[in-house]
Structures are given as structure tokens and as C-alpha cells.
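What follows is the residue order along each chain.
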Amino acid sequence: MDFALTEEQQMIVDTVRGFVETEIYPHENEVERTGIVPKELGQEIAQKCKDLGFFACNMPEEVGGAGLDHQTFTLVERELGRGSMGLTVFFGRPSGILMACNEEQRQKYLIPAVKGEKFDALAMTEPDAGSDVRGMKCFAKPDGDDWIVNGTKHFISHANIADFVIVFIATGEEETPRGPKKKITCFLVDRGTPGFEIRNGYDSVSHRGYKNCILSFDDCRLPSSAILGEVHKGFDIANDWLYATRITVAATCVGRARRVFDYALPYAAERKQFGKPIGANQGVSFKLADMITEIDAADYLTLAAAWRLDQKLPANREIASAKLYASEMLARVTDQAIQIYGGMGLMDDLPLARFWRDARVERIWDGTSEIQRHIISRDLLRPLGA
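Conventions used here
Residues numbered from 1 in each chain as written. Predicted model: local features only at pLDDT ≥ 70, side-chain atom pairs only at ≥ 80, totals over all residues. Heavy atoms only, no water. Helix = DSSP H or I, 4+ residues; strand = E, 2+ residues; numbered from the N terminus. Rg over C-alpha atoms; globule rule 2.2 N^0.38 Å. Areas by Shrake-Rupley, 256 points an atom, 1.4 Å probe, with all protein chains shown as cover. Lys, Arg positive; Asp, Glu negative; His and termini not counted. Charge placed at Lys NZ, Arg CZ, Asp CG, Glu CD. Expected span 1.5 Å × (residues − 1). Buried < 20%, exposed > 50% of the residue type's maximum accessible area, 1.4 Å probe, protein only. Arc of directions from axis to C-beta. Contact = heavy atoms within 4.5 Å. Domains from an automatic or database assignment. Buried area = accessible area lost by both parts, 1.4 Å probe. Salt bridge = Lys/Arg side-chain N within 4 Å of Asp/Glu carboxyl O. 1 Å grid on protein atoms, 1.4 Å probe; cavity = no way out; pocket = protein on both sides within 12 Å on 5 of 7 lines; lining within 4 Å. Points joined across faces, edges and corners; volume = space filled by probe spheres on them. Nonpolar A, V, L, I, M, F, W, Y, C, P; charged D, E, K, R; others polar. Axes fitted to C-alpha atoms, helices over the stretch in contact; angles between N-to-C directions. Parallel < 35°, antiparallel > 145°, perpendicular 65-115°, else oblique. Left-handed = near helix turned anticlockwise from the far one by under 90°. Phe/Tyr/Trp six-rings, centres within 6.5 Å; stacked < 30°, edge-to-face > 60°. Core = buried A, V, L, I, M, F, W, Y, C linked by side-chain atoms within 4.5 Å. Pairing = 2+ DSSP bridges.

Helices and strands together make up the secondary structure of the protein chain, namely ten helices and ten strands. Here the C-alpha radius of gyration of the protein chain, 22 Å, is about what a compact globule of 386 residues would show, namely 21 Å. When the accessible area of the protein chain is evaluated, it comes to approximately 18,400 Å², of which 51% is carbon and sulfur surface. Side chains of the protein chain give 46 positive and 56 negative charges; the mean places of these two sets differ by 5 Å.

Structure (C-alpha cells):
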């Protein structure tokens, strides 16, 4: 593995970082204060992303994307992680699951998503089915060539700006050694479909402006043409998405941690107490040493996982390790940065308290830390028959 950046990768990193600093940072305080991203601002960010040629940079060239490999796209996500998610969501990255679209669906959903004409959201979580995805109760029953859907999804990220939603719904049941489990099918559902409602979710302390929504299905009739992939085969296409989102979480945590460190380091060198910089004291300098060591370790874990995907090597454990370590690292780094600043670290004059609050959700969404530890331990023990 060689993580030295190519000339092209360095240019991409510099471009995206510059974009975040000039187009995202200036709006963060207002979004944090109001919890709202004005529609016009979101459209402006998306257009500037298109002008740079980065919109849908995660999608293959064959469908109009930039075709970045996993490592390079991870670098993009790392730089986007420095900014407010309520704003960077408009730096369009359509769900890779859309590559499973058939030709008709490509024209209706995939191509418009790549062009930025439509935004997608992805819905799996339910009030009673978080980590236990197979326990979902949102159910679709066949009715001729159609499906009748009833149930609820929640914690659905940025569905408020979505033109359509990629929804995982139970369509049957099968017996397993651990008891009955739901068969899952993936559907493409347009905003405005009769019986389908997108409404505001919960107020969160993390990532203000980045909305979560509740989706309700009340005898919602969907045609079989709305099925993405095959009936009962939803998990076959979900796994690729889970890989991508978990690497994204790890990468954004690294980017945000580096931004936090950029606040802590100069402050430790400039702030004086007892006649000398506080960084001259081991109580502070050792914190800085631990912070940068953990940030670098998370960075390399994340890039290594992305590299394995590019090499088409098994990466389930490595991705879980990156997501687990990076998300927990960010919590420690933000906490230590606040400790270095003392009382000022908790004041609204600085963004550290925001970073601290934002860090908390990273250990929960896209697979909790406990789920990641389960994946890692199973990968280690199953070959030994345990």
C-alpha cells in the first residue's frame, strides 16, 4: 500500500478543501444558529460543485460521474468532513445503490441524480429496527402487479431535500437457525406518491441543518417497476452501500478531527499561563501528541480499507475497524481540544462545542460501535469455528 498522493489526488484535495473553506465555512454559524439551510443556498452550493466538475464524483464515468476510485473519493469525503454536513450534503454524492437500476430506472432516477437534477435519500431504519435491520415492520404485500406498503421509517437523513427515496421494505419472511427473519426488497419511491409522506423528524444536537425525517406509508401502492434489483434481494445491493457509507463516516471523522486539531495546536502555542505557553506543559503537549497520533492512525486505517476495495479484496473487517476507530477517535479529540481551551472551548464564540456535539452521533449511525465490534470479532472467530 502506497498512500503518497498522486499529483491528481493532491489537486483534488486542495480543490475540495478550498471549496469547503470558501463556500461552506462562511455559512456555518448561521446554519448552526437557525438549524436551517435556505433552499437557495443549497442550490448555489450544488451549482458551484457542478461548475467544479465534482458533482457525483463517486459515480462511474459510464453514467456521467467522475469515476473516482475508492481511495480518491475517501480523500474527497475527508475534506468535506471539515465542514457542516447541513451544507456539504449539497456537494452531490448520489447513492451507489442506484447503479443497480435497470435501463428504465436509470433514465428516471440514476441519470438525473448524477446530473444533480434530482436528490436521493436512503431509508432503512425504523423505530423498532435500528441495528436489527431484519426486524423491520414496514411491510409490502403483493396485489396483482403492485405492492401495498404500510409502515414507518425514521432517522432518514436529508429526506427533506430528496426528490425520491431508496427504501428497504420487508416483503416476506424466512426461517433461519435463529428464528424467522424478514425478506427485504428495495423500492424507489417518488416524493408525492399517494400514501407516502415525508415529514420533519426530531431535533438533534448533532449536525444542525442536516435534517432527519420520518417517512410514513399508508396503503401506498407501488408498481413492480419501482423495485430496485430483485424481490427479496434487497440486502444483496445494501452491502455495497453500507461499505461506502461506513468509509464515508470514518473519512469525515478524520477530516473533522484535523480541523479541531488546527484549533488546538496554535492555541496551545500562543495561550500563556504562569508566564509561558500552556503547550510547554506536558499536561497539554502530551494531549496534542495523543491527538495527532490517533488522527493519523484513523486516517491510515480508513485509506487502507478504501485501498482494499480498490483491489477487490475482502474489506468487511477493515471497514468496520476504520469506522469504529475513527468515530471514537473524534470523540476523544474534540473532548481534549475543549480541555485545552478550558472554559472558552464551550462558548459559542468558537465552533469546538459544535464539533463536540456533532461527534456524538458518529458512533451511532451507519452501524453503532457495538455493531462494528461484532463484525470485527465475527470475522476473526468464524474461521476458527467459534
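Let us now look at helix H2 (residues 39-52). Taking 1.5 Å of rise per residue, 14 residues should cover 20 Å, and H2 covers 20 Å from first to last C-alpha, within 8% of that figure. Among the residues of H2, those classed as buried are Leu41, Gly42, Ile45, Ala46 and Cys49. Along the axis of H2, the buried positions cluster into a sector of 135°, meaning they face one direction only. Residues Lys39, Glu40 and Asp51 are exposed on H2 and point more than 90 degrees away from its buried face. Looking at the buried residues of H2, the elements they touch are helix H1 (7-34) and helix H4 (85-88). Backbone geometry just downstream of H2 places Gly53 in the positive-phi region, at approximately 85°.

The domain architecture assigned to the protein chain consists of domain 1 (7-115), domain 2 (120-235) and domain 3 (244-384). Taking only C-alpha atoms, the centre of domain 1 and the centre of domain 2 are 24 Å apart. In this complex, domain 1 contributes 20 residues to the contact, which on the side of domain 2 involves 19 residues. For the pair domain 1 and domain 2, the summed buried area comes to about 1,600 Å², and 66% of that belongs to carbon and sulfur atoms. Inspection of the domain 1/domain 2 interface yields two salt bridges.

Of the pockets and cavities examined, the second largest pocket occupies roughly 730 Å³. As for the second largest pocket, its lining consists of 32 residues, of which Val37, Phe90, Asn160, Ile161 and Lys211 are closest to the centre. By residue number, the principal contributor to the lining of the second largest pocket is H2, which donates six residues. A per-class count over the lining of the second largest pocket returns ten nonpolar, 15 polar and seven charged. There are two domains that each give the lining of the second largest pocket at least three residues, and those are domain 1 (7-115) and domain 2 (120-235).

Bringing the packing of H1 against helix H3 (residues 70-80) into the picture now. Contact geometry of H1 with H3 gives a least axis separation of 9 Å together with a crossing angle of 25°. On the basis of the axis angle, H1 is roughly parallel to H3. For the crossing formed where H1 meets H3, the hand is right-handed. Where H1 approaches H3, its residues Gln9, Ile12, Val13, Val16, Arg17 and Val20 are matched on the opposing element by Thr72, Leu75, Val76, Arg78, Glu79 and Leu80.

So, about the packing of aromatic side chains. Tallying each qualifying case throughout the model produces twelve aromatic pairs. Ring centres 6.1 Å apart and planes at 70° place the aromatic pair Trp147 and Phe187 in the edge-to-face group. Linking Trp147 in strand S3 (residues 146-157) with Phe187 in strand S5 (residues 179-190), this pair joins segments that are 40 residues apart in sequence. By the burial criterion, Trp147 is buried, and Phe187 matches it. Judged by centre distance (5.4 Å) and plane angle (70°), the rings of Phe155 and Tyr202 are edge-to-face. With a gap of 47 residues between them, Phe155 in strand S3 and Tyr202 in the loop between strand S6 (196-200) and strand S7 (212-223) connect regions that are remote in the sequence. Among the residues examined, Phe155 registers a relative accessible area of 48% and is labelled partly exposed. Joined through ring pairs, the aromatic side chains of Phe19, Phe54 and Phe91 make up one cluster.

Bringing the nonpolar core into the picture now. In terms of nonpolar packing, the biggest core is built from 83 residues, with Val76, Ile166, Phe168 and Ile340 touching the most fellow members. With 14 residues, the single largest contributor to this core is helix H6 (residues 234-270). Setting aside residues no more than four positions away along its own chain, Val76 makes contact with Ile12, Val16, Cys57, Leu68 and Phe91. Residues Ala140, Ile156, Cys213 and Phe217 belong to the second largest nonpolar core, which totals 23 residues.

We now examine the pairing of S3. In this sheet, S3 lies alongside strand S2 (residues 139-143) in antiparallel orientation, the contact comprising five bridges. Bridge pairing links Ala140 to Val149 in S3. Linkage of S2 to S3, two consecutive antiparallel strands, is achieved through a turn of two residues, within which Gly144 is found at a positive phi near 65°.

The next thing to look at is helix H8 (residues 316-341). When the terminal C-alpha atoms of H8 are compared, their 38 Å separation across 26 residues agrees well with the 38 Å that a helix rising 1.5 Å per residue should span. With 19 of its 26 residues buried, H8 lies for the most part within the structure. Remark: Gly342 follows H8 within two positions and exhibits a positive phi of approximately 70°.

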